[in-house]
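A look at the structure
The lines below spell out each chain.
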Amino acid sequence: MAVRTEIAPETVVRRVAGFGLAGSGSLLVVEPLDRRAWASVLDRVSEERILGLAAAAVHAGTVAVTEEQRTALLERHREAMLVALILERTLLGLTDRLRAGGVAAVVLKGPAVAHTVYRDPAWRQFGDIDLLVRTEDLRAACRVLVAEGLRRRVPEPRPGFDERFGKGVEFGSDGLIEVDLHRTLALGPFGLWIDPGELIDHAVGFSLAGSELQRLDRAGQFLHACMHAVLGSRRPRLLPLRDVAQLAEDDEVDWDLVDDRAERWTVGAVLVRAVRTASRALGWTPPPRADELVARVPVTRRQQRALAAYAEGSGAGIARAVATTQAIPGLAAKTSYLRALLLPDHAFLAARAGAGLRPSYVRRWITPAKRRLGQG
């Protein structure tokens, strides 16, 4: 059905994010948007990393554009795909080095989803590399990445924190390369409640440029997409939400296994919020099996409280720290976690302080406390 071109740019962006989904309907803009509206759409699809979906929607005639607008979009998409190719080449080298060092790595998100879930890999943009390794292999994997010229972004708060309480380690270079080395799928309580070792045990192969790599099975990919969509940032981003919808429509998903893991790992609240948020944001109708699971998966008060803590902020925020402390079993482990957060090593404090600021234990907690109480 044709719609007037006065449609809000944000609406166009959201429907572009849902382009090609079976239940999302269609949006047809029969005339190009004016220059200002198009500039807003182009900036938003770039920010949301859905340039590939926008290019596909334009190619399909779903959104009419001028030649100038088409050229601008395709140029941005071309640049994004060049970044993806560089990252994929880096990924192949890193997985070879890790394998040689005795470390099994599972590719998360990015190319593992683009090349196995999406109709066209060019639809699924990504800007970094995410790898999952076993907790006991984390140190060895870090040494391999350092030997490859990558640098750790932030030191761990105290020795042993990464393996016991952390999500993983972020590495980067002076160029485009960013590598997130995971030992679990999320920060905080939900990352502690899942069993990443089980995910690695059930990893499956996929081919990239003639090389065989490992990815999560479809149930694991779906649960990870849900976690990334609603735990990754304060405002859910459109690309992770699209991943949730794209995976929910994939015939390979074993919904009984999703149900089993969601209950055992107490992540039902995450799954429910992710599917419902994706449905609202993308104008998408979830398939019956996903709808059924959302309707029956157990969601406890404990999960709801933990999920609320993620909305309070990120990183070492007070609400997240409290929720994580409650999720850690044993008084000694809780004490170690709190000590690392309250009294981290000086190198960590300096890295977190920011440019031009002196490291301060007081500033680390008083400022967020004031914000939480509405005093700062």
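Residues numbered from 1 in each chain as written. Predicted model: local features only at pLDDT ≥ 70, side-chain atom pairs only at ≥ 80, totals over all residues. Heavy atoms only, no water.

Some thoughts on the overall build of the protein
- Counting secondary structure elements, the protein contains 19 helices and nine strands.
- The buried share of the protein, taken over its 376 residues, is 50%.
- With the model as given, the accessible surface of the protein reaches about 17700 Å², and the carbon-plus-sulfur share is 52%. (Helix = DSSP H or I, 4+ residues; strand = E, 2+ residues; numbered from the N terminus. Buried < 20%, exposed > 50% of the residue type's maximum accessible area, 1.4 Å probe, protein only. Areas by Shrake-Rupley, 256 points an atom, 1.4 Å probe, with all protein chains shown as cover.)

Regarding the packing of helix H10 (residues 218-231) against helix H11 (residues 238-248)
- Axis separation between H10 and H11 bottoms out at 8 Å; the angle between their running directions is 155 degrees. Taken together, the axes of H10 and H11 lie roughly antiparallel to each other. Pair H10 / H11 crosses with left-handed handedness. On H11, the residues that touch Arg218, Gln221, Phe222, Ala225, Cys226, His228 and Ala229 of H10 are Pro240, Leu241, Asp243, Val244, Leu247 and Ala248.
- Looking at the contact of H10 with H11 residue by residue, the classes come out as nine nonpolar, two polar and two charged. (Axes fitted to C-alpha atoms, helices over the stretch in contact; angles between N-to-C directions. Parallel < 35°, antiparallel > 145°, perpendicular 65-115°, else oblique. Left-handed = near helix turned anticlockwise from the far one by under 90°. Contact = heavy atoms within 4.5 Å. Nonpolar A, V, L, I, M, F, W, Y, C, P; charged D, E, K, R; others polar.)

Details of the confidence of the model for the protein
- Summary statistics for the protein give a mean pLDDT of 90 and a share of 88% for residues scoring 70 or more.
- Note on residues 1-5: pLDDT under 50 across the span, and eleven contacts to partners over four residues away in sequence or across chains.
- Counted against residues more than four places away or in other chains, residues 369-376, with its pLDDT under 50, gives seven contacts. (pLDDT = per-residue confidence, 0-100.)

A look at the packing of aromatic side chains
- Evaluation of the coordinates by the stated rule reveals seven aromatic pairs.
- The interplanar angle of 70 degrees and the centroid separation of 5.3 Å between the aromatic rings of phenylalanine 165 and tyrosine 337 together place this pair among those described as edge-to-face. With phenylalanine 165 in helix H7 (residues 161-165) and tyrosine 337 in helix H17 (residues 331-342), this residue pair connects regions lying 172 residues apart in the sequence. This pair shows no difference in class: phenylalanine 165 is buried, exactly as tyrosine 337 is.
- One aromatic cluster is present, formed by Phe161, Phe165 and Tyr337 through successive ring pairs. (Phe/Tyr/Trp six-rings, centres within 6.5 Å; stacked < 30°, edge-to-face > 60°.)

With respect to helix H16 (residues 318-327)
- The element H16 is extensively covered by neighbouring structure, given that seven of its ten residues are classed as buried.
- Of all the positions in H16, only Ala319, Arg320, Ala321, Ala323, Thr324, Thr325 and Ala327 are classed as buried.

As for the pairing of strand S7 (residues 178-182)
- Across the five residues that make up S7, a large majority, four, are buried.
- In terms of strand pairing, strand S4 (residues 129-132) meets S7 through four bridges, oriented parallel. The residue bridging leucine 131 from the neighbouring strand is leucine 181, located in S7.
- Where strand S6 (residues 168-172) lies against S7, five bridges are found, and the strand directions are antiparallel. From the neighbouring strand, glycine 168 faces S7, where its bridge partner is histidine 182.
- The hairpin formed by S6 and S7 contains five residues between the paired strands. (Pairing = 2+ DSSP bridges.)

Topic: the pairing of S6
- Pairing geometry for strand S5 (residues 151-152) and S6, over two bridges, is antiparallel. The residue of S6 that forms the bridge with arginine 151 is glycine 172.

Focus: the side chain of arginine 261
- Assignment of secondary structure puts arginine 261 in helix H12 (residues 255-264).
- A relative accessible area of 0% places arginine 261 in the buried class.
- Ignoring sequence-local partners within four residues, the contact set of arginine 261 consists of Glu198, Leu199, His202, Asp217, Ala219, Gly220, Leu223, Thr266 and Val267.

Some points on the nonpolar core
- Among the nonpolar cores identified, the biggest contains 110 residues, and Phe190, Phe222 and Leu271 are the most heavily contacted of them.
- Apart from residues lying up to four places away in sequence, phenylalanine 222 is in contact with Val244, Leu247, Ala248, Trp255, Val258, Leu271 and Val275.
- Counting eight residues, the second-largest nonpolar core is a separate cluster that includes Phe161, Ala321, Ile328 and Ala340. (Core = buried A, V, L, I, M, F, W, Y, C linked by side-chain atoms within 4.5 Å.)

Concerning the side chain of aspartate 162
- One can find aspartate 162 in helix H7.
- Judged by its relative accessible area of 5%, aspartate 162 falls in the buried class.
- Once residues lying within four places of it in the same chain are set aside, the contact partners of aspartate 162 are Leu138, Arg139, Arg152, Glu156, Gly168, Val169 and Arg183.

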